[in-house]
Amino acid sequence: MNFERIREKLNILADAAKYDVSCASSGSDRTNKSQGLGNASKMGICHSYTEDGRCISLLKILLTNHCIFDCAYCVTRKSNDVQRAAFKIQEVVDLTINFYRRNYIEGLFLSSGIFKNADYTMERLVAVAKKLREEENFNGYIHLKSIPGASDELMYEAGLYADRLSVNIEVPTISGLKLLAPDKKHEDFTKPMLKVKNEIVRYKAERKIIKSTPKYAPAGQSTQMIVGASGETDKDIMYSAVHYYKNYQMRRVYYSGYVPVADDMRLPAIGSKVPMLRENRLYQTDWLLRFYGFAINEILNQEHPNLDMDVDPKLSWALRNLHHFPVDVNSADKTLLARIPGIGMRSVDKILKARRFRRLNWDHLKKIGVALNRAQYFMVCDSRHWERRDLDAEKIKGMILQTSSGKFWNQYSTQLSLFN
């Protein structure tokens, strides 16, 4: 083995993979068996964060950065003058095993440019996972990026060896895809998504009857959207995300701010990077839709096509809907409590349990973990303090902003709460 050439390939193909953020592993329950290597049970990888705060790492690479397509937003597009490289199947297997044995990684995230055609590329990705599972007895986490346009047969086989599959939808709108990637078709992305969804449904149904049914993509599937490349609004992005959650049973949709990589009239100018704050707001909105009971049209609609950059989406909604407040925390149901700014779902559960024993006041709520600098304007409790307020939305917003601070105020992380 030419170690210098392998190192060179690793530098090129690991760097090319950095634009893909959809690499959380939470949800897989593949356990070690037959004295094999690794264990993917309930862990996240690639500098994602697990629910208990652990930071987990992964070997995140492309199989190749050669590509037959010329997508304007992609650094590996065929017209871009970059150094090219490609791993052999066995080289990826050897790297994964050797890195794992040295405790550098706990799994593999493997994507690829498309060379020759979709099926040829997908077949090689599947071959890597198959060798790891069957020849190396590797039971660690494997995330395969599904290639748009790959056949149903290959997508089925991929799910037998990978813990998670994902097809990046890339551009949130069909019109944006036609503009920036005219060689690609929208159905090339949705066809493998639908196959994975159907196979997961079938696996779960068969599993109830036959316990020995082989696992199929136990961590589900995810996708990623590029934010800010085609001038889409936050409404366009989140309505698209809701569509994929509803119709393809996505475990996660990831939002990646576009990093300008080329001078192109169709794209934002080089140097005009999408603010991390916008990514953060999209993730917060995603959380509200999945866990807080909000409908997408409550947060984003024709009157409000973009998210407020000054305040988080829940507070923005509350300020536009003051007629729903104040909420009495000692009598309101779970749905109403979850809509109070400054109260998370864990605090909601604590409130519901605590008020069975006594009526709650501000001191109790503070101990529970409620962010009173926001919540105080939208609720009442067993106290006369703060109960009488005659403030409009602008005044409340101004008072909250005056008392707000924190590490996310100037810079927001793109991987905020990436665990499931």
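Scroll up to find the structure.
Residues numbered from 1 in each chain as written. Predicted model: local features only at pLDDT ≥ 70, side-chain atom pairs only at ≥ 80, totals over all residues. Heavy atoms only, no water.

K.L.:
What exactly am I supposed to notice about the pairing of strand E3 (residues 59-62) here?
P.N.:
Every other side chain in a regular strand lies on the same face of the sheet, so the side chains alternate between the two faces. Because side chains alternate across E3, one face comprises the buried residues Leu59 and Ile61, and the other comprises Lys60 and Leu62, equally buried. Summarising the sheet, E3 and strand E4 (residues 107-111) pair through 4 bridges and their orientation is parallel. Bridge pairing links Ile61 to Leu110 in E4. In this region the chain leaves E3, passes through helix H2 (residues 89-101) and returns to the parallel neighbour E4; the handedness of that crossover is right-handed. (Buried < 20%, exposed > 50% of the residue type's maximum accessible area, 1.4 Å probe, protein only. Helix = DSSP H or I, 4+ residues; strand = E, 2+ residues; numbered from the N terminus. Pairing = 2+ DSSP bridges. Right-handed = clockwise from strand over helix to strand, strands pointing away.)

K.L.:
Would you explain the environment of Lys334 in this entry?
P.N.:
In this structure, Lys334 sits in helix H11 (residues 334-338). Accessibility expressed as a relative area gives 40% for Lys334, which makes it partly exposed. In the structure, Lys334 is positioned 41 residues away from Gly293 in sequence and 9.9 Å away in space, judged by C-alpha atoms.

K.L.:
Explain the nonpolar core to me, please; I cannot follow it from the model alone.
P.N.:
Inside soluble globular proteins, nonpolar side chains tend to come together where they are buried. Ranked by size, the top nonpolar core spans 112 residues in total, and within it Tyr73, Ile340, Leu365, Phe378 and Met379 carry the most contacts. The greatest single-element share of this core, amounting to 7 residues, is contributed by helix H3 (residues 118-135). Not counting residues within four places of it along the chain, the set of residues in contact with Ile340 comprises Lys314, Phe325, Val327, Val329, Ala375, Phe378 and Met379. (Core = buried A, V, L, I, M, F, W, Y, C linked by side-chain atoms within 4.5 Å. Contact = heavy atoms within 4.5 Å.)

K.L.:
Help me out: how do you make sense of H3 in this one?
P.N.:
For the α-helix, the turn length of 3.6 residues means that residues three or four positions removed from each other point alike. Spanning 18 residues, H3 covers 25 Å between terminal C-alpha atoms, matching the ideal 26 Å at 1.5 Å per step. Here H3 has its buried residues at Ala118, Thr121, Met122, Leu125, Val126, Val128, Ala129, Leu132 and Arg133. Down the axis, H3 shows its buried residues gathered within 145° of arc, on one side only. Relative to its buried face, H3 has exposed residues pointing more than 90 degrees away, namely Glu134 and Glu135. Those residues of H3 that are buried are in contact with H2, E4, strand E5 (141-145) and helix H4 (152-161). (Expected span 1.5 Å × (residues − 1). Arc of directions from axis to C-beta.)

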